[in-house]
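Structural overview for review
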Amino acid sequence: MSDVSMEKLVSLAKRRGFIYPGSEIYGGLAGTWDYGHYGSLLAYNIKDLWWKHFVEERDDNFAMTTPTLMSEAVWQASGHLDGFADPLIECNKCKHRFRGDQLEDKKKCPDCGGKLGEEKAFNLMLPVQLGSVEGKSNTAYLRGELAQGMFVNFKNTLDTLRPKLPFGLAQIGRAYRNEISPRDFLFRVREFDLMEFEYFVKEADWEKYFEMWKKEMWKWIERVGIKKNMVSELEVPEKDRAHYSKRTVDFEFDYPFGTKELYGLAYRTDYDLKKHAKASGLDLTYSDEEGNKFIPHVVEPTFGHGRTILAVMLSAYNEDKERVWLSFKPEVAPIKVAVFPLLRNKPELVEKADEIYKSVKSYIPNTLWDDNGNVGKRYRRQDEIGTPLCITIDFETLEDKAVTVRDRDSMAQQRVKLDELENYLKKKLNG
Ligand code: GAP
């Protein structure tokens, strides 16, 4: 189990400009979080890295971008309007609502002690009314998963890209779920980003590709900086699987509030394409080189973006008597290098530091200038936002044309010649 408390992490996230409660100045809106400067940079870096890892560095995954609003017919066909539900129990007295599967005692309200009502299925899809004339609106839904955007474009993809099996359609984007009880910071929210792809295969090959993606998901976990010893696989029993899945393996993470789902890998069979073919009347078959026509099967790796951020932050969190530091991998760190003039009131020093700052920023874009407080305080601040390297320009720099580079994790300081600085920094950051 993680030895960082959620209180510490949530407080650091707020204090250092990573993440704030959504709509906070009006008392907040449950299940929503706002990302500040460093949180947004971290979030974008993680998405960029995922995109590189699963799309740009491969030949078999293609890009998709589809709207968050989708027709009711999509969700009717996919089974989400009937099957995408959690068990809801409401207290007869205080009217508080709970998820049935999270209650130890399904008779007594944990908040007021009142009698709990009967358990019923509560649909997680969020409907929205489109149209400007009252009474004439159309119901659409904010998507509960990205996958349907890929399935409804399967034919477009075959017609335009003419891909050969196996191939995937990948997307990063928002999803919405009307969670009964959002909780645990970014873990269970009502609006979140997903990074997922549908990998289309021949039915006979599904087990091979399921195993392949399981291995690739472990590689990603390592690359993004999630501690592998805090992750475990769970074979999800049939009764807990989503309505479309014939096999699911969850990657679980040891959060401070328990070992729970981080990612999922599902074998969706030909369930979705068959449902859409039937409901739309379109031919969604694929023709292979031998002229066989069939509906491909699907293996789906799915990655919650918020849960990735949470697991990355929890994996990176360190503290000792002196300091707190986030040991982010350089690729995801919001700021890669911070540049300090030793003193801010010595023009010749500031001028030299500014020249060095501009030069470093030209080859490492996420470089930050910091001249606030003493150098010790600047180090603490950069440690808390996870900046791997800090450069200090002092009076000696003007003489020996060298700077002090300090490493976040070891706190070791090294004098580096200015004409060797670019190579040194790049080597340190790129491993
Ligand atoms: N297309 C498959 C799919 O959506 P899922 O297991 O329902 O599968 C995918 O969700 C991932 O989204 C999960 O593995 C988890 O990381 C994340 N996730 C699910 N519900 C979430 C919520 N309410 N808040 C934050 N992340 C969530």
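Keep in mind the model is a prediction, meaning the values are calculated, not measured.

Points about the sheet that holds strand 3 (residues 61–63)
Here we have seven strands laid out as an open sheet, ordered 3-10-11-17-14-13-12, and mixed in their pairing. Of all the strands in the sheet, the pair left with one neighbour each is strand 3 and strand 12 (231–235). Between one strand and the next, the sheet's axes are offset by a mean angle of 25°, whatever the strand orientation. Sheet analysis places strand 10 (residues 167–176) next to strand 11 (residues 191–201), joined by 10 bridges and oriented antiparallel. If you follow Ile172 over to strand 11, its bridge partner there is Met195. Taken strand by strand, helix 2 (residues 37–56) contacts strand 3, strand 10, strand 11 and strand 17 (297–304), and its axis lies near 160° from that of strand 10. Docked against the sheet, helix 6 (residues 154–161) engages strand 3, strand 10 and strand 11, running at close to 140° with respect to strand 10.

A short note on helix 1 (residues 6–15)
Residues of helix 1 that are buried: Met6, Leu9, Leu12 and Ala13. Down the axis of helix 1, the sector holding all buried residues measures 135°, keeping them to one side. Where the residues of helix 1 are buried, they touch strand 1 (19–21), helix 9 (305–316), strand 18 (317–319), strand 19 (324–326) and helix 11 (375–385). The positive-phi residue at the C-terminal boundary of helix 1 is Gly17, with phi of around 75°.

Comments concerning the site of the ligand
Taken together, 20 residues lie near the ligand, and Glu145, Glu196, Glu261, Leu262 and Glu300 sit nearest. Residue Glu179 places a side-chain N or O atom 2.8 Å away from a nitrogen atom belonging to the ligand. Within the contact set of the ligand, a nitrogen atom lies 3.4 Å away from a side-chain nitrogen or oxygen of Arg307. Notes on the ligand: free accessible area 550 Å², of which the protein chains cover 92%. The element best represented in the shell around the ligand is strand 14 (residues 258–269), accounting for five residues.

Some points on the domain arrangement of the protein
Annotation of the protein at the domain level lists domain 1 (6–72 + 144–315) and domain 2 (337–430). A combined buried area of about 540 Å² lies between domain 1 and domain 2, and 54% of that area is made up of carbon and sulfur atoms. Together, Arg16, Phe18 and Tyr38 form the three largest contributors to the area buried by domain 1 at its contact with domain 2, with a combined 67%. The tally of links between domain 1 and domain 2 comes to two salt bridges. Of the charged contacts in the structure, one is a salt bridge between Glu384 and Arg16, with a shortest N-O distance of 2.8 Å. For the interface between domain 1 and domain 2, the tally reads two residue pairs in polar contact (both at pLDDT 80 or more). Elements with a contribution of two residues or more to the side of domain 1 that touches domain 2: helix 1 and helix 2.

Conventions used here
Residues numbered from 1 in each chain as written. Predicted model: local features only at pLDDT ≥ 70, side-chain atom pairs only at ≥ 80, totals over all residues. Heavy atoms only, no water. Pairing = 2+ DSSP bridges. Helix = DSSP H or I, 4+ residues; strand = E, 2+ residues; numbered from the N terminus. Axes fitted to C-alpha atoms, helices over the stretch in contact; angles between N-to-C directions. Contact = heavy atoms within 4.5 Å. Buried < 20%, exposed > 50% of the residue type's maximum accessible area, 1.4 Å probe, protein only. Arc of directions from axis to C-beta. Near = heavy atom within 4 Å. Polar contact = N/O pair within 3.5 Å; in protein donor to acceptor, adjacent residues only side chain to side chain. Areas by Shrake-Rupley, 256 points an atom, 1.4 Å probe, with all protein chains shown as cover. Domains from an automatic or database assignment. Buried area = accessible area lost by both parts, 1.4 Å probe. Salt bridge = Lys/Arg side-chain N within 4 Å of Asp/Glu carboxyl O.

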